[in-house]
2 protein chains.
Amino acid sequence: MGTTGRTESPRERYRQQVREEVKEKAWQQIAGSGASALSLNAIARQMGMSGPALYRYFANRDELITELIRDAYRSLADAFAGAGTGSGEGGAGRAGLAALAQVLRRWALEDPHRYFLVYGTPVPGYRAPQDTTAITAEMMSVLLDACTAEAPEGREGALEEHLAGHREWAGSHPDAPPSALRLALAFWSRLHGVLSLELAGHFTGMGLDPARLYAAEVDGLTA
Amino acid sequence: MGTTGRTESPRERYRQQVREEVKEKAWQQIAGSGASALSLNAIARQMGMSGPALYRYFANRDELITELIRDAYRSLADAFAGAGTGSGEGGAGRAGLAALAQVLRRWALEDPHRYFLVYGTPVPGYRAPQDTTAITAEMMSVLLDACTAEAPEGREGALEEHLAGHREWAGSHPDAPPSALRLALAFWSRLHGVLSLELAGHFTGMGLDPARLYAAEVDGLTA
DNA sequence: CATTCTAGTTATAGCTTCTAACGAACACGA
DNA sequence: TCGTGTTCGTTAGAAGCTATAACTAGAATG
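Everything numeric here is computed off the predicted structure, so don't read it as measured data.

Rules behind the numbers
- Residues numbered from 1 in each chain as written.
- Chains lettered and ligands numbered in written order.
- Predicted model: local features only at pLDDT ≥ 70, side-chain atom pairs only at ≥ 80, totals over all residues.
- Heavy atoms only, no water.
- Buried < 20%, exposed > 50% of the residue type's maximum accessible area, 1.4 Å probe, protein only.
- Helix = DSSP H or I, 4+ residues; strand = E, 2+ residues; numbered from the N terminus.
- Arc of directions from axis to C-beta.
- Contact = heavy atoms within 4.5 Å.
- Near = heavy atom within 4 Å.
- Polar contact = N/O pair within 3.5 Å; in protein donor to acceptor, adjacent residues only side chain to side chain.
- Domains from an automatic or database assignment.
- Buried area = accessible area lost by both parts, 1.4 Å probe.
- UniProt positions renumbered as here; feature names shortened; annotations may be inferred.

## A word on helix 7 (residues 158-165) of chain B
Then, number 1: Listing the buried residues of helix 7 of chain B in full gives L159, E160, H162 and L163 of chain B. Along helix 7 of chain B, the residues classed as buried sweep out an arc of 160 degrees about the axis, all on the same side. Counted as exposed and oriented over 90 degrees from the buried face of helix 7 of chain B: A158, E161 and G165 of chain B.
Then, number 2: Where helix 7 of chain B is buried, its residues touch helix 9 (210-222) of chain A together with helix 8 (178-199) of chain B.

## Some points on the protein's contact with DNA strand C
Then, number 1: With respect to spatial proximity, 19 residues lie near DNA strand C, and among them R56 and Y57 of chain A together with L40, Y55 and R61 of chain B are the closest.
Then, number 2: Counting only the atoms of DNA strand C within 4 Å of the protein, the fraction contributed by sugar and phosphate is 67%.
Then, number 3: One of the side-chain N or O atoms of Y57 of chain A is found 2.2 Å from a phosphate oxygen in DNA strand C.
Then, number 4: One nitrogen or oxygen atom from the main chain of L40 of chain B is found 2.6 Å from a phosphate oxygen belonging to DNA strand C.
Then, number 5: Every element with two or more residues in the surface near DNA strand C is listed here: helix 1 (10-33) of chain A together with helix 2 (40-46) of chain B.

## So, the domain arrangement of chain A
Residues and elements named next belong to chain A.
Then, number 1: Each assigned domain of chain A is listed with its residue range as follows: domain 1 (1-58) and domain 2 (70-222).
Then, number 2: Once you take the C-alpha centre of each, domain 1 and domain 2 turn out to be 30 Å apart.
Then, number 3: Contacts between domain 1 and domain 2 engage eight residues on the former and six residues on the latter.
Then, number 4: Together, the buried faces of domain 1 and domain 2 total about 510 Å²; carbon and sulfur atoms form 68% of this surface.

## Observations concerning the UniProt feature "domain: HTH tetR-type" (unreviewed entry) in chain A
Then, number 1: Under the UniProt annotation, "domain: HTH tetR-type" (unreviewed entry) lies at residues 16-76 of chain A.
Then, number 2: Here residues 16-76 of chain A runs as 67% helix and 0% strand, with 22 Å between its end C-alpha atoms.

So, in C-alpha cells, the structure goes:
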C-alpha cells in the first residue's frame, strides 16, 4: 500500500515536503479568507521564496486548489471510516447513523471553509471528477453499512422503486434494500441542508440553535 | 410604494439606467462563469466604455456583488410571493407547500449561479445583513402561511419546545404553532439540502434523478 | 570529473481593482 | 443668454495577481 513513487529518492522526498508545506500555508490562508482569496504569491512570500518558484510544484492555481479539494474529501472520508473505532467500542465496529451524523457535523465545524471546498459553490476550473467520486463512494459505503442496519422494513414508495433500479452509486452494497438506499440519501441531503445553512450564517440573527435543528433531523432519520 | 429617490431628475434617471445595464451585464457574466469570475473591467469593455467609469456607479466590486445578491434575494422573495397567484386560482390565494417547493426549485434551476449567490459559499466582503434578513423574513412569512395551514396537530417534541421559545425569526406570525415553525424550517433546510447537492453536481454520475429525490422530500414534508 | 537535471532567481506580459487628475458636457440660476 | 458648478467619462498610474521565459547556482548521476 505504498505511495505511487517507487524508491523515494531524497530529491523526491524534498519535493513532497515542499508540496506539503505549500498546502499547509494554503489551508491557513483558506481558513482565514476562503478559497477565493488564495494567492500563490502570498504563499511563496510566506515561505520565504519568491513567486514563480511555486510553479515547480504546482502547474497552476487550479491544480493546487483541486488538490486541496481532494484532500478535503479524503479527510472527510477518513473521519467517516474512523467513526466506528471510537472510545467505547473495541475494533472497527460499525458506526451508527447518529454517530456518523456527529462526525459529519464536527468535521464541518472544525473548518467551515474546508466544508465549503467540498460542498459549497462549485468553482469554474476546479474539481477532479474521477478522484472525488471514488472517495464519495467510500463514504457511501460506510453510510450504507449503517443504513442497512438501521433502515426500516418494507415501506415501498415511488422513490424506493426508482432507487431499486438506479443503484450504480451504491456499488459497494449491491444487495442493500431500497429503504436503506433511500435512508442514506436522506441522511446525506438533509444533514447537508442544515449544515450548509448553518455554516453560511443563514441562521444567525434568527435566535435559534443550529445544533438542535441538526439533532432533530438526526432523530427524524433514525426514528 | 415609489422608489426612494424623490423627484426623479432626468440625470438620476439616466444614472439608474446605466446601473441597471451594468447589473444586467454582470448577471450575464455570472451566468457564464460564476460570481468569482465577475470583472468590472470586462463589463465596462462590454458596454463600450473604459474601466474606471464604472466607479461612478458602484463604489467597488463588492458593492456591485452585494447589490446582485440583494436582487437575487428579492427575485426569490417575489417568486414566493407570486406562488399563490398562479394560473388556476383567482386572486392572491395562499400557496400550498407543494406549490412553494416547485417555485423554489424552478427558481433555482432557472439560474444556478443566482441560487449560489444566495445560498452558496459566503464570500468575504459581500453580504448586506440588514437588507437580506428583511427579505428572508418576507419569504418566511409566505412559508409560514402555508405551514400553519398544513402543519399537523400536536406532536410536541424537544425541537418544538425550543422553537416555541425562540420565534423571533417568525415575527410575522407570532401565533403560529410550534409545529408550523418546525415544518417551515424543515421545508427550508431539506429542500435546500437536495437542491444545493443537485446544483453543485454531486448527483451527477450517480445515475439517479434529482427531481424524484426532491419530490420525495416534498412528499415527506406535506405528509 | 563532466554532464545533466532541477530548484530557484529575476524580468516581463497581461490581467485585475482602484485612485488621481483632467476635460468635456450638461443643468441651472442670474 | 451667459456664467458656474456638478457630474460623467477619459487617460495615467499604482499595486496586486497569475503565469511564462530566460537564466544561474547547486545537486545527482554517468
